[in-house]
Amino acid sequence: MGSADDMILLAEIAEVGSFTAAGVRLGMPKSTISQRIAQLEERLGLRLLNRSTRHVSLTGSGQVYLEHCRRVRAEVAAANMAMSNLREQPIGTLKITCPEVTATYFMPGFLRGFTERFPRIAIELIATNRHLDIIREGIDFAFRVGSASGGDLIIRRISAIKRVLVASPTYLEAAEPIAAPKDLVRHRCLLHDAQPEWVFSNGDTQVALRPTAVAATDSMGFLLQSALSDGGIALLPAYVCQPSIAVGRLIALLPTWMAPSYEMSLIFPNRKNQSSAQVAFRSYVNTCSFAGFSGSSGPEPTGY
């Protein structure tokens, strides 16, 4: 297989049309270029260039290979630019939006790790359950739950979000036993406005029910605090309720019945010339584990 350097070399030759011109552009002897292309063709087992005394042209195989070479060259250039930006101590302000519950129970530690690594970058965090217009509002990055789309946006899946049915020990001691999802209709249920229906599956069996809400809200934080205050049963994201489960303040119910997971995505504009702060944030996200969202026992995000 050809190395990335040789693929970049072929892309340069194809643009200028000769070994001599490519040598001038790259500062390499013509003989070296010719030898490296010959070695590349030998490794691939295909002829990539038709050669004449003054000009070279691509063969059919070379034309196919060129498309891959151009992509490799673009990725290498982007990687070098990213590293250059990081070396220059990124500076600026990033405008980030996320749901209210993510801002409260995930972002403090996550962003602390980022700002400790890049102290010259300031964060403006907008905590809202509304889907803001990223382009119009000048948003750099948006963390969103559920389906995401946008023609001029880059969408990167972060993690599945596991959901857990929970109640406090005090509530459960005074309430009827819960052995199956159907038992929930006789209990005080705390509902999120976006989740009026609870769906659970156990193997091939699926159950959907609409419990009567003793309280309904658009705030996951309110549901958590209500469950902790013995107010009833709530269906919460794992990363929100797991700390309370770990210390016994909440109990996970119906462990063999799974609620469907949601998807967390990172969305940002498809800009060719990103600022050093934007490049730094993307690099930071790439180093982080988001296992807490899926309820996995993996490492916490950097900074925790």
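Attention in this report is confined to the structure presented alongside it. Since the model is a prediction, treat every value here as computed from it, not as a measurement.

### What about the overall build of the protein?
Here comes step 1: In terms of helices and strands, the protein carries 11 helices and 14 strands.
Here comes step 2: In terms of overall dimensions, the protein is more spread out than a globule: its C-alpha atoms have a radius of gyration of 27 Å, far above the 19 Å expected for 304 residues.
Here comes step 3: With respect to the three principal axes, the spread of C-alpha positions in the protein is 90 × 45 × 35 Å.
Here comes step 4: Across the 304 residues of the protein, 44% fall into the buried class.

### Digging into the sheet that holds strand 4 (residues 121-127)
Here comes step 1: Within the open sheet, the five strands sit side by side as 4-3-5-14-6. Their pairing is mixed. Two strands in the sheet have a free side with no partner beyond their single neighbour: strand 4 and strand 6 (153-161). On average, each strand axis in the sheet is tilted by 20° relative to the strand beside it, whichever way the strands run.
Here comes step 2: The pairing of strand 6 with strand 14 (residues 262-269) spans eight bridges and is classified as antiparallel. In the sheet register, Ala160 faces strand 14, and the bridge partner there is Glu263.
Here comes step 3: Seen against the sheet, helix 6 (residues 107-117) touches strand 3 (92-98), strand 4 and strand 5 (141-145) and runs at an angle of roughly 165° to strand 4.

### Observations regarding the packing of aromatic side chains
Here comes step 1: Using the criterion set out here, one finds 16 aromatic pairs in the structure.
Here comes step 2: On the numbers, 5.8 Å between centres and 45° between planes, the contact of Phe110 with Phe290 is tilted. Of this pair, Phe110 sits in helix 6 while Phe290 sits in the loop between helix 10 (276-287) and helix 11 (291-294); the two residues are 180 residues apart in sequence, bridging distant segments of the chain.
Here comes step 3: One residue, Arg163, lies across the ring of Tyr262, its end atom 4.4 Å from the ring centre.

### Topic: the nonpolar core
Here comes step 1: If you look at the biggest cluster of nonpolar residues, it comprises 43 residues, and the most contacted ones within it are Phe110, Phe143 and Phe281.
Here comes step 2: Among the nonpolar cores identified, the runner-up in size contains 16 residues, and Ala22, Leu40, Tyr65 and Leu66 belong to it.

### Digging into the state of the cysteines
Here comes step 1: Taken as a whole, this structure holds zero disulfides when the rule is applied.
Here comes step 2: There is no disulfide at Cys189, and the cysteine sulfur nearest it, in Cys241, is 15 Å away.

### Concerning the environment of Ser31
Here comes step 1: Checked against the element boundaries, Ser31 lands in helix 3 (residues 30-44).
Here comes step 2: Along the primary structure Ser31 and Thr20 are separated by 11 residues, whereas in three dimensions their C-alpha atoms are 9.0 Å apart.

### Topic: the environment of Phe293
Here comes step 1: Tracing the chain through its elements places Phe293 in helix 11.
Here comes step 2: A relative accessible area of 1% means that Phe293 is categorised as buried.
Here comes step 3: Distance from Phe293 to Arg157, taken between C-alpha atoms, is 12 Å for residues 136 residues apart in sequence.
Here comes step 4: Apart from residues lying up to four places away in sequence, Phe293 is in contact with Thr102, Phe106, Ile158, Ser159, Ala160, Ile161, Lys162, Tyr239 and Met264.

### Considering the environment of Phe110
Here comes step 1: Judged by its relative accessible area of 0%, Phe110 is buried.
Here comes step 2: Considering only alpha carbons, one finds Phe110 and Asp230, 120 residues apart in sequence, at a separation of 30 Å.

### Overview of the sheet that holds strand 11 (residues 213-217)
Here comes step 1: If you trace the five strands from one edge of the open sheet to the other, you get 11-8-12-7-13, paired in mixed fashion. Among the strands making up the open sheet, the edge pair consists of strand 11 and strand 13 (251-252).
Here comes step 2: Pairing analysis gives two bridges linking strand 7 (residues 163-167) to strand 13, with the strands arranged antiparallel. By the bridge assignment, Ala167 is partnered in strand 13 with Ile251.
Here comes step 3: Here helix 8 (residues 220-228) sits on the sheet in contact with strand 8 (189-192), strand 11 and strand 12 (233-237), set at roughly 135° to strand 12.

Cut-offs used in this document
- Residues numbered from 1 in each chain as written.
- Predicted model: local features only at pLDDT ≥ 70, side-chain atom pairs only at ≥ 80, totals over all residues.
- Heavy atoms only, no water.
- Helix = DSSP H or I, 4+ residues; strand = E, 2+ residues; numbered from the N terminus.
- Rg over C-alpha atoms; globule rule 2.2 N^0.38 Å.
- Buried < 20%, exposed > 50% of the residue type's maximum accessible area, 1.4 Å probe, protein only.
- Pairing = 2+ DSSP bridges.
- Axes fitted to C-alpha atoms, helices over the stretch in contact; angles between N-to-C directions.
- Contact = heavy atoms within 4.5 Å.
- Phe/Tyr/Trp six-rings, centres within 6.5 Å; stacked < 30°, edge-to-face > 60°.
- Lys NZ or Arg CZ within 6 Å of the ring centre and 35° of its normal.
- Core = buried A, V, L, I, M, F, W, Y, C linked by side-chain atoms within 4.5 Å.
- Disulfide = S-S within 2.5 Å.

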